[in-house]
Structures are given as structure tokens and as C-alpha cells.
Amino acid sequence: MESLWKLLYLLEPAPVTLILTAVAVTFGSAFRALNYGKEMERNRDLSEASIMLDRSQALMIPVMSSCSLLLMFYMFSSVSQLLTALTAVASVSSLFFCLSPYAAYVRLQLGLADPFVSRCCSKSFTRIQWLLLLACTSLVAAWLVSGHWILNNLLGIAICIAFVSHVRLPNIKICAILLVCLFVYDIFWVFFSERFFGANVMVSVATQQASNPVHTVANSLSLPGLQLITKKLELPVKIVFPRNLFGGVIPGGHATDFMMLGLGDMAMPAMLLALVLCFDHRKSRDTVSLVDLHSSKGHKYIWYALPGYAIGLVTALSAGVLTHSPQPALLYLVPSTLGPVIVMSWMRKELAELWEGTVPNISDKARQIEV
């Protein structure tokens, strides 16, 4: 009974905010991926088409992730500044991708002229796009200087949305292969890596802070205001929330403690959500909007996968509170998201259609239209 009382901690502001943010980002990533795919089909833009994973690529993701983990475990201090620089570039690109539709919407609503002014990296940019790129760069620069956790979360969310939009799954078969492999991957590196490597590799890498190259450069040039530039950075490969968020506390916890959730724990389930959301749309042939998702035209698979994600995340956090140890989130998220989709599609006799996939490759479709 005493253990159950510990679960009341999940009602604190930090866990609640983490859960709500993760669910919103997962759904938002899937919805953006659907609309991005439709944009590419409509514009027949082969250069911007999503990468459709096949079986061999799905199998390689856990292998390459494991290699990356070991690299950062043994050589993180040596490569941390390079990782920070690469992450900054990826963050600018991801923010630009996420904010571009809103900039275009505002331009249309205000009726602003937006001529092309120059080219960069084989792409033409309008005046508003240059201003947006400048704003995105400024946000990343502010993160490099301050290292604030809110900016870290903003960049991490942008990277997650951009990844899910550009890396797609063709069917549930490939999705199941990927998620099951990542299920095993997460369990091994959290529960069993200490037996082989002398430490919990996943936790060690997740809690390491990277050296800030901006601080290094400012220090070498003896620039003023050096004390304002943070020496260490949390890379935006996870979202973090202070445990004392809004005054909430955890017994025995330090005020600087953070709750965290890796981007992979949002991005991988979001790829499943993007797949079923696209399947729902192609079955219903409705216009893509949030209002249409609430229509009564059939029970959409997204409404089985999304609550399953929330339940799996709450279960993972509960297990962490009860065991006082880090938990592999995908241990709970994979069954709670993939399971309901497979069971419901089997009951509705649509499993074969989902298993083999009905979502055409964007590039293939564009080529067919061109012919």
C-alpha cells in the first residue's frame, strides 16, 4: 500500500507536464508527417521526399544506435563539441521545417508579397524565409549561450517532428520489425549493459553534458561576458523538466534534478502513429484537419494508438517511481501502441491490408504522374 502512495508523485507538475508534452509531440509529429507527405505528393517535389524504410534499414537502426551509444559512452568527452555543433545545425534546419507552414499561413492571411531574393544550397529563398531562418538561428544561438532547458526542449521537439516527417514506414510489417528490435535494444542497454561494460551505458550517455564550443571559442579569444555563456549543455536528444517545476517537489530529491524522456521514445511511436494516421486518411478520403479526425466515419486507428502511448508512458513512469531505477520506456510503449493497432485491425479484418501497406511511396507516385 505504501508503494502505491508513491505513485501520487505522478500528479506533480513535472510528471504531468512531461506526459502531456510527450503525447502532444507524438501526435503532432504524426500529423505533420501526414501533411508533409501530402504536400510532397501535390508538389511532386522529389528532392524533398521522405525516406521510406525497408526491412534492412529497419534492422540497421538498432545496430547503428548501439554503435552510437558505445561511441558516446567511451569517447563522449572527445566528440562532445563536434556533436554540439552538428546538433546546432540540425536544430536550425528542424526549426525552419516546423515553422515554415506557419510563416506561409501568416503571409497568406496578411496578403504579403514575398518574392525570391537569393539561392542557397541549391534552393531559392524568399524574404520571409530568410527572416525565418534568421529567427531559427537566433533561437539556437540563445540555446548555445544559455543552455536553458526550455530551449533544449523546443529544439528537441523540432528535431523529433522533422525526423518523423522525413523518415517513414511503408506498412505495419516493417513497423513491427523496427519496434520489436528497438524493444530489445532498449531493454538490453538499460538492464543488461552494466554486466558487459561495467556501467549502465544508456543512463550514462543520457545524463552526460556536452562541452559548449561557444564557451571554448569565447574563452580562447578572451571575449567579454564569458561568465554568461554556459560551459556544459544538455543536447536536445531528450526533453527535460525540473522535478521542482512550478514548486512541485519529490521527497529526497535535489532541486536541480530533472525528469527526462529520450526523443526516440517519442519519435519511434510517432512513426507508427504517422503510419496509421495516413492509413485512416486514405480509407476515409476526408480532408486532413484536426476536426475530421473526430468525425464519426468509422473508428480510426489513431485513437487506439494514441491512448495506448499515453498509457504506456504512464506505466513506464510508474515503474520508475516504484523501482527507483531507470526504465526502458519502449518496454512499455511498444506493446501499448503496436498491440492495440494489430488487435483492432485483426478484429476488423484489415490486418492484411495494414501488414502489406497501402501507402504509396511518394517518389514512385510522383514519377507515375510525370509519366
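Numbering of residues starts from 1 in every chain and runs along the sequence as written. Selection of residues for local features in this predicted model requires a pLDDT of at least 70, selection of side-chain atom pairs for listing and counting requires 80 or more, and totals for whole chains, interfaces and linings are taken over all residues. Side-chain numbers come from the whole structure's heavy atoms, not from hydrogens or water.

1. Points about the nonpolar core
Side chains of nonpolar character tend, in soluble globular proteins, to be buried together.
Okay, step 1: We define the nonpolar core as a collection of buried residues of types Ala, Val, Leu, Ile, Met, Phe, Trp, Tyr and Cys that are connected through side-chain atoms lying within 4.5 Å of one another. When a residue's accessible area, from a 1.4 Å probe over protein chains only, is under 20% of the maximum for its type it is buried; when over 50% it is exposed; and in between it is partly exposed. Core analysis: the largest hydrophobic core is formed by 69 residues, its most contacted members being Val164, Leu178, Leu261, Met266, Met271 and Tyr309.
Okay, step 2: By definition, any uninterrupted DSSP run of H or I lasting at least four residues is a helix, any uninterrupted run of E lasting at least two residues is a strand, and each is numbered from the N terminus. For this core, the element with the most residues is helix α9 (residues 264-284), which contributes 13 residues.
Okay, step 3: Leaving out residues up to four positions away in the same chain, Leu178 has contacts with Leu53, Ala58, Ile61, Leu169, Met268 and Met271.
Okay, step 4: Of all hydrophobic cores here, the second largest spans 24 residues; its members include Phe76, Phe97, Ala162 and Leu233. Two residues qualify as a contact provided that any one of their heavy atoms is within 4.5 Å of a heavy atom in the partner residue.

2. A word on a nonpolar patch on the surface
Okay, step 1: Nonpolar side chains (Val, Leu, Ile, Met, Phe, Trp, Tyr) are joined into patches within 5 Å and like charges within 9 Å, using only residues with over 30% relative accessible area and no salt bridge. To measure how exposed things are, a 1.4 Å probe is used in the Shrake-Rupley method; for residues, cover is taken only from the protein chains shown. We define a salt bridge as a contact between a side-chain nitrogen of Lys or Arg and a carboxyl oxygen of Asp or Glu at a distance within 4 Å. A cluster of nonpolar side chains, Tyr105, Val106, Leu110 and Leu112, forms an exposed patch at the surface whose accessible area comes to about 420 Å².
Okay, step 2: Tracing the chain through its elements places Leu112 in the loop between α3 (55-110) and β2 (116-120).

3. So, the packing of aromatic side chains
Okay, step 1: Between the rings of Phe, Tyr and Trp (Trp by its six-membered ring), a pair exists once the centres lie within 6.5 Å; its type follows the angle of the planes, with under 30 degrees stacked, over 60 edge-to-face, and the other angles tilted. Taken as a whole, this structure holds 10 aromatic pairs when the rule is applied.
Okay, step 2: Geometrically, the ring pair formed by Phe188 and Trp189 is edge-to-face, given 4.9 Å between the ring centres and 80° between the ring planes.
Okay, step 3: Here the aromatic rings of Phe188 and Phe196 are separated by 5.7 Å at their centres, their planes lie at 40°, and the arrangement is tilted.
Okay, step 4: Grouped by ring-pair contacts, the aromatic residues Phe188, Trp189, Phe196 and Phe197 constitute a single cluster.
Okay, step 5: Charge-over-ring contacts are defined here by two conditions on Lys NZ or Arg CZ: a distance within 6 Å of the ring centre and an angle within 35 degrees of the ring normal. Here the basic side chain of Arg32 rests over the ring of Phe97, its NZ or CZ set 4.4 Å away from the ring centre.
Okay, step 6: Positioned above the aromatic ring of Tyr301, the side-chain terminus of Arg348 is 4.5 Å from the ring centre.

4. Notes on helix α8 (residues 213-220)
Okay, step 1: Residues of α8 that are buried include every one of Pro213, His215 and Ala218, and no others.
Okay, step 2: Contacts from the buried residues of α8 go to α3 and β5 (210-211).
Okay, step 3: Within 3.5 Å is the distance limit for a polar contact, defined as a pair of N or O atoms, with the added protein rule that one can donate a hydrogen and the other accept it, and that residues adjacent in sequence qualify only through two side-chain atoms. Capping the start of α8, Asn212 holds a side-chain oxygen 3.1 Å from the backbone nitrogen of Val214, two or three residues further along.
Okay, step 4: Of the residues flanking the end of α8, it is Ser222, one or two places downstream, whose phi is positive at about 55°.

5. Let's talk about the pattern of salt bridges
Okay, step 1: Under the defined criterion, the tally for this structure stands at three salt bridges.
Okay, step 2: Of the charged contacts, one joins Lys238 and Glu234 as a salt bridge, the two residues approaching to 2.9 Å between their closest N and O atoms.
Okay, step 3: The class for Lys238 is buried, based on a relative accessible area of 5%.

6. Describing the packing of helix α6 (residues 172-197) against α9
Okay, step 1: Close contact between α6 and α9 brings their axes to 10 Å; oriented N to C, the two are set at 165°. As judged from the angle between their axes, α6 and α9 are roughly antiparallel. Handedness of the α6/α9 crossing: left-handed. Listed contacts from α9 to Ile172, Cys175, Leu178, Leu179, Leu182 and Asp186 of α6 are Asp265, Met268, Met271, Leu272 and Leu275.
Okay, step 2: Residue polarity is assigned by list, with Asp, Glu, Lys and Arg as charged and Ala, Val, Leu, Ile, Met, Phe, Trp, Tyr, Cys and Pro as nonpolar; anything else, Gly included, falls into the polar class. Across the contact of α6 with α9, the residue classes tally to nine nonpolar, no polar and two charged. Interaxial angle, 0 to 180 degrees, is taken between N-to-C directions of lines fitted to C-alpha atoms, where a helix line uses only the stretch in contact. If an angle is under 35 degrees, it is roughly parallel; if it is over 145, roughly antiparallel; if it lies from 65 to 115, roughly perpendicular; otherwise it is oblique. Two helices crossing with the near one rotated counterclockwise from the far one by less than a right angle form a left-handed crossing, whereas a clockwise rotation gives a right-handed crossing.

7. Section: the packing of α6 against helix α11 (residues 329-347)
Okay, step 1: Their axes nearest at 8 Å, the elements α6 and α11 cross at an angle of 160°. Considering the angle they form, α6 stands roughly antiparallel to α11. The element α6 and its partner α11 pack so that their crossing is left-handed. Counted together, Ile172, Ala176, Leu179, Leu182, Phe183, Asp186, Ile187 and Phe191 of α6 and Ala329, Leu330, Leu331, Val334, Pro335, Leu338, Val341 and Ile342 of α11 form the full contact between these two elements.
Okay, step 2: Of the residues assigned to the contact of α6 with α11, the class counts are 15 nonpolar, no polar and one charged.

8. Here's the deal with the environment of Glu234
Okay, step 1: Note on placement: Glu234 falls in the loop between β6 (232-233) and β7 (238-242).
Okay, step 2: For Glu234 and Ala206, which are 28 residues apart along the polypeptide, the C-alpha to C-alpha distance reads 9.1 Å.
Okay, step 3: Leaving out residues up to four positions away in the same chain, Glu234 has contacts with Trp143, Asn152, Ala206, Gln208 and Gln209.
Okay, step 4: A polar contact is formed between the side chain of Glu234 and the side chain of Gln209, at a distance of 3.4 Å.
Okay, step 5: Reaching out from Glu234, the side chain makes a polar contact with the side chain of Lys238 at a distance of 2.9 Å.

9. Quick word on the pairing of strand β8 (residues 258-262)
Okay, step 1: Along β8, the buried face is formed by Met259 and Leu261; none of Phe258, Met260 and Gly262, which line the opposite face, is buried.
Okay, step 2: Strand pairing is assigned whenever DSSP detects at least two bridges linking the two strands. Sheet topology places β7 next to β8; five bridges connect them, and they run antiparallel. For Pro242, the partnering residue across the bridge sits in β8 and is Phe258.

10. Describing helix α4 (residues 127-146)
Okay, step 1: By this rule the span expected of a helix is its residue count minus one, scaled by 1.5 Å. Here α4 spans 29 Å end to end across 20 residues, near enough to the 28 Å set by a 1.5 Å rise per residue.
Okay, step 2: Residues of α4 that are buried make contact with α3, α5 (149-166), α8 and β6.
Okay, step 3: Positive phi appears at Gly147, one or two residues downstream of α4, with a value of about 65°.

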